[in-house]
Amino acid sequence: MLTRNCLSLLLWVLFDGGLLTPLQPQPQQTLATEPRENVIHLPGQQSHFHRVKRGWVWNQFFVLEEYMGSEPQYVGKLHSDLDKGEGTVKYTLSGDGAGTVFTIDETTGDIHAIRSLDREEKPFYTLRAQAVDIETRKPLEPESEFIIKVQDINDNEPKFLDGPYIASVPEMSPVGVIRTALPNMDREVKEQYQVLIQAKDMGGQLGGLAGTTIVNITLTDVNDNPPRFPKSIFHLKVPESSPVGSAIGRIRAVDPDFGQNAEIEYNIVPGDGGNLFDIVTDEDTQEGVIKLKKPLDFETKKAYTFKVEASNVHLDHRFHSAGPFKDTATVKISVLDVDEPPVFSKPLYTMEVYEDTPVGTIIGAVTAQDLDVGSSAVRYLIDWKSDGDSYFTIDATEGTIATNELLDRESTAQYNFSIIASKVSNPLLTSRVNILINVLDVNEFPPEISVPYETAVCENAKPGQIIQIVSAADRDLSPAGQQFSFKLSPEAAIKPNFTVRDFRNNTAGIETRRNGYSRRQQELYFLPVVIEDSSYPVQSSTNTMTIRVCRCDSDGTILSCNVEAIFLPVGLSTGALIAILLCIVILLAIVVLYVALRRQKKKDTLMTSKEDIRDNVIHYDDEGGGEEDTQAFDIGALRNPKVIEDNKIRRDIKPDSLCLPRQRQPVEDNTDIRDFINQRLQENDVDPTAPPYDSLATYAYEGNGSVADSLSSIESLTTEADQDYNYLTDWGPRFKVLADMFGEEESYNPDKVT
């Protein structure tokens, strides 16, 4: 380092004194190249567009750090080929530290460092230099970039970074691995040691600088201790109701090692408990967790015994000779009896029943048993939350399932519900099982033609032409291989216009039997098709297909099937057809009106006939003499005794045979008015001489036996003295005035009336 510094100072003296000057340009070097002169020549300009030949050699300077001189430290010199020494060129400096750390003489191009530099703070500076014409202020050449590197000197003592230092030494390490290690170091005895280390710089400008630090040496653990169980037998008690997969106990082996060397793996030695139990390691506590693989049953086995082995996961081959790194212990598990719910014989019951099975038919049964020591009876019920509680019932004691309603497969093909079994001794202990009942289909619905029910035939159709392919649909659940047969109904088989051809693949074709059809003669044909299925019992149905005659082209394409098309060949338009229909409607209305008027005129003629009983109305203008006059009007005249006595035959109808008038039964004195009217009504109903229209029959009859007696004053008592008004006093204070007026004991006094 000192030699290099001296060489730098020597080069500075040589260049500063002008002893060395470059004779010719040399190629450019990289930043890592050491400098050999502190002068940078800037290229000049050539006229007539000649190629510019650059005149500088070095692009980097060197400067010492920690310079303590009184004058600014000389760095180097910039010089341009265009500078003839006449003072017309000005040098400028820019970049890192320009003006603050480095300055340049504008006339000579000398560069100086104006303050002390520290390589540990900044190792180099990048600057840019340029030569400018003083008068025009225009650059004579482009900017040139160069680097000033700070050279290091030995001004810092050695230091230990990030102390204190920690070193790891495996325990049981042999002597000589580390000189400060003690023989037979054991981590389980002492884990950490501290060592003082001194570092000294034997060279440098400032002499032998030294530094000290403390090193903490930590012993790393090795797997040199096997795991050990603290006891040889572990006793566990487990209820038989413990669920599968649950932890039923923990055991632990102790390993004095640390970290991964203390990781222990537990295994069950093949034997009694290998199929029922499993053991895993708890990563946090390094305990062996015993888990249940299968359910326990106290009634089957009450105790289990097996061995567990504990071993290290990570073994160190250097200590294999120390012995096996594992230990074994015995685990004894006692099964505790628990009162358990009854157990069904199957996890799922599947049953089948035909639809329309009579109510009360038993279709299956379920069985559940109490497996505890003290066996208890079992009761069954259907879960009310499911859909089977209304369609099925279960015998609470026997467990038999019966239908409760008629089943329809087309409505519901499957029922899924639950049955609950409970112990009589403890009804809270229940178990549940699912019941799946499939409703089997009964052939109850006949097959039908699937759409369409209507087809068309061309007027120019030929015999034997298939105009429509039909298939069948059955609402029943068709079994595998179901076959449908098609045929024409017997009544339509006589001189048919169409027939049915069965293709024997559950389809049929409608076939024509005539050579052409005419819409003018018949527009629609109705074809009854009989379809039968192959199930038992055989079901069949007759389906009517509508066949419409249409006008087609020569290729069989339908052109028109409506009514208007029939009249188009005649030359009638739609407006003409509407006018014809309106005329027909008007004519029909005139005919109906004429017939109605004729009937009305004939009815008026009958009404004016003198022998019509409805015309026998007696008019009189006689004023009666009051309610006591009983001779002023004889109501018997309304009975028209003349019509009854004449017994003339009706002239408005032609009697089938001459019959004598019926003799009416005499009216009894005690006959009720209702019975009287009903009797007369029956007589008129069976009377052949009665008019064919509604008529009014009047009867002068007053019934007998009224509770209020007669309300007429005709047969009233002649004097008020004959009346007894004492009952008015029993009617209360509202009738007191009337009682006083008509009473016998006390004469009426108006002054006493308030």
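Everything quoted here is computed from the prediction, not taken from an experiment. (Residues numbered from 1 in each chain as written. Predicted model: local features only at pLDDT ≥ 70, side-chain atom pairs only at ≥ 80, totals over all residues. Heavy atoms only, no water.)

### A closer look at the overall build of the protein chain
For step 1, the next point in the chain: When helices and strands are tallied, the protein chain shows six helices and 36 strands.
For step 2, the next point in the chain: Sequence separation of at least 24 residues holds for 65% of the intrachain contacts in the protein chain that already meet a minimum separation of 6. (Helix = DSSP H or I, 4+ residues; strand = E, 2+ residues; numbered from the N terminus. Contact = heavy atoms within 4.5 Å.)

### Focus on the sheet that holds strand 30 (residues 466–473)
For step 1, the next point in the chain: An order of 28-30-33-32 is seen for the four strands of this open sheet, with the pairing classed as antiparallel. Of all strands in the sheet, those bounded by a partner on one side alone are strand 28 (448–449) and strand 32 (498–502).
For step 2, the next point in the chain: Looking at chain direction, strand 32 and strand 33 (residues 507–512) are connected through five bridges and run antiparallel. Paired with Phe498 across the two strands is Thr512, which belongs to strand 33. (Pairing = 2+ DSSP bridges.)

### Some remarks on a nonpolar patch on the surface
For step 1, the next point in the chain: On the surface, a cluster of nonpolar side chains totalling about 610 Å² of accessible area is made up of Tyr727, Trp731, Phe735, Val737, Leu738, Met741 and Phe742.
For step 2, the next point in the chain: Within the element layout of this structure, Met741 appears in helix 6 (residues 736–742).
For step 3, the next point in the chain: On the accessibility criterion, Met741 (40% relative accessible area) is partly exposed. (Patch = residues over 30% accessible without salt bridge, like charges linked within 9 Å, V, L, I, M, F, W, Y side chains within 5 Å. Areas by Shrake-Rupley, 256 points an atom, 1.4 Å probe, with all protein chains shown as cover. Salt bridge = Lys/Arg side-chain N within 4 Å of Asp/Glu carboxyl O. Buried < 20%, exposed > 50% of the residue type's maximum accessible area, 1.4 Å probe, protein only.)

### Some thoughts on the state of the cysteines
Put plainly, a disulfide is one covalent bond tying together the sulfur atoms of two cysteines.
For step 1, the next point in the chain: Enumeration according to the criterion identifies two disulfides in this entry.
For step 2, the next point in the chain: Bridging Cys458 to Cys552, the disulfide has an S-S length of 2.1 Å. The S-S bond linking Cys458 to Cys552 shows a torsion near -85°; that makes this disulfide left-handed. With Cys458 in strand 29 (residues 454–458) and Cys552 in strand 35 (residues 540–552), this residue pair connects regions lying 94 residues apart in the sequence. (Disulfide = S-S within 2.5 Å.)

### A word on the sheet that holds strand 14 (residues 264–268)
For step 1, the next point in the chain: Ordered by their spatial adjacency, four strands build an open sheet running 12-18-17-14, and the pairing between neighbours is mixed. Unpaired on one side and paired on the other, strand 12 (233–239) and strand 14 mark the two borders of the sheet. Across the sheet, the mean angle separating the axes of adjacent strands is 30° when strand polarity is ignored.
For step 2, the next point in the chain: For strand 14 and strand 17 (residues 303–312), the ladder comprises five bridges, and the chain directions are antiparallel. (Axes fitted to C-alpha atoms, helices over the stretch in contact; angles between N-to-C directions.)

### Here's the deal with the packing of aromatic side chains
For step 1, the next point in the chain: Tallied over the entire structure, the rule returns 14 aromatic pairs.
For step 2, the next point in the chain: Ring geometry for Phe392 and Phe417: centres 5.5 Å apart, planes at 25°, overall stacked. One end of the pair, Phe392, is in strand 24 (residues 392–394); the other, Phe417, is in strand 26 (residues 414–423), and 25 residues separate them in sequence.
For step 3, the next point in the chain: For Phe417, a relative accessible area of 1% translates into the label buried. (Phe/Tyr/Trp six-rings, centres within 6.5 Å; stacked < 30°, edge-to-face > 60°.)

### Brief notes about the environment of Ile437
For step 1, the next point in the chain: Relative to the assigned elements, Ile437 resides in strand 27 (residues 430–440).
For step 2, the next point in the chain: Classification of Ile437 by relative accessible area gives buried; the value is 0%.
For step 3, the next point in the chain: Expressed as a C-alpha distance, the spacing of Ile437 and Val353, which sit 84 residues apart in the sequence, is 7.2 Å.
For step 4, the next point in the chain: Setting aside residues up to four positions removed in sequence, Ile437 forms contacts with Met351, Val353, Ile363, Phe392, Ala413, Gln414, Tyr415 and Phe417.

### A few points about the confidence of the model for the protein chain
For step 1, the next point in the chain: Residues of the protein chain with pLDDT of at least 70 account for 65%, and the chain-wide mean is 75.
For step 2, the next point in the chain: Every residue in residues 44–58 scores below 50 in pLDDT, and together they form 39 contacts with partners more than four places removed in sequence or on other chains.
For step 3, the next point in the chain: Confidence over residues 641–652 falls short of pLDDT 50; this stretch has 18 contacts with residues more than four positions distant or in other chains. (pLDDT = per-residue confidence, 0-100.)

### Focus on the environment of Gln151
For step 1, the next point in the chain: Looking at the secondary structure, you find Gln151 in strand 8 (residues 144–151).
For step 2, the next point in the chain: Take Gln151: its relative accessible area is 7%, and that puts it in the buried class.

### Things to note about the pairing of strand 6 (residues 110–113)
For step 1, the next point in the chain: For strand 3 (residues 73–80) and strand 6, the ladder comprises four bridges, and the chain directions are antiparallel. Bridging across to strand 6, Tyr74 finds its partner in His112.
For step 2, the next point in the chain: As defined by bridge partners, strand 5 (residues 102–104) adjoins strand 6 across three bridges and the pair is classed as antiparallel. Within strand 6, the residue paired with Thr103 across the bridge is His112.
For step 3, the next point in the chain: Hairpin connection of strand 5 to strand 6: five residues between the antiparallel strands, including Gly109 at a positive phi of 85°.

### Digging into helix 5 (residues 673–685)
For step 1, the next point in the chain: Between its terminal C-alpha atoms helix 5 stretches 18 Å, which fits the 18 Å expected from 13 residues at 1.5 Å a residue.
For step 2, the next point in the chain: For helix 5, every residue scored as buried is listed here: Phe676, Arg680 and Glu683. For helix 5, the arc enclosing every buried residue in end-on projection is 55°, short of the 170-degree limit, so these residues lie on one face. Exposed residues on helix 5 whose side chains face more than 90 degrees from its buried face are Arg674, Gln682 and Asp685. (Expected span 1.5 Å × (residues − 1). Arc of directions from axis to C-beta.)

### Re the pattern of salt bridges
For step 1, the next point in the chain: Scanning the model with the defined rule gives 18 salt bridges in all.
For step 2, the next point in the chain: One salt bridge in this structure joins Lys90 and Glu106, with 3.9 Å as the shortest N-O distance. With a gap of 16 residues between them, Lys90 in strand 4 (residues 89–95) and Glu106 in the loop between strand 5 and strand 6 connect regions that are remote in the sequence.
For step 3, the next point in the chain: Look at Glu106 and you get partly exposed, because its relative accessible area is 43%.
For step 4, the next point in the chain: The shortest N-O distance in the salt bridge between Glu309 and Lys326 comes to 3.7 Å. In this pair, Glu309 sits in strand 17 while Lys326 sits in strand 18 (residues 326–336), placing the two residues 17 residues apart along the sequence.

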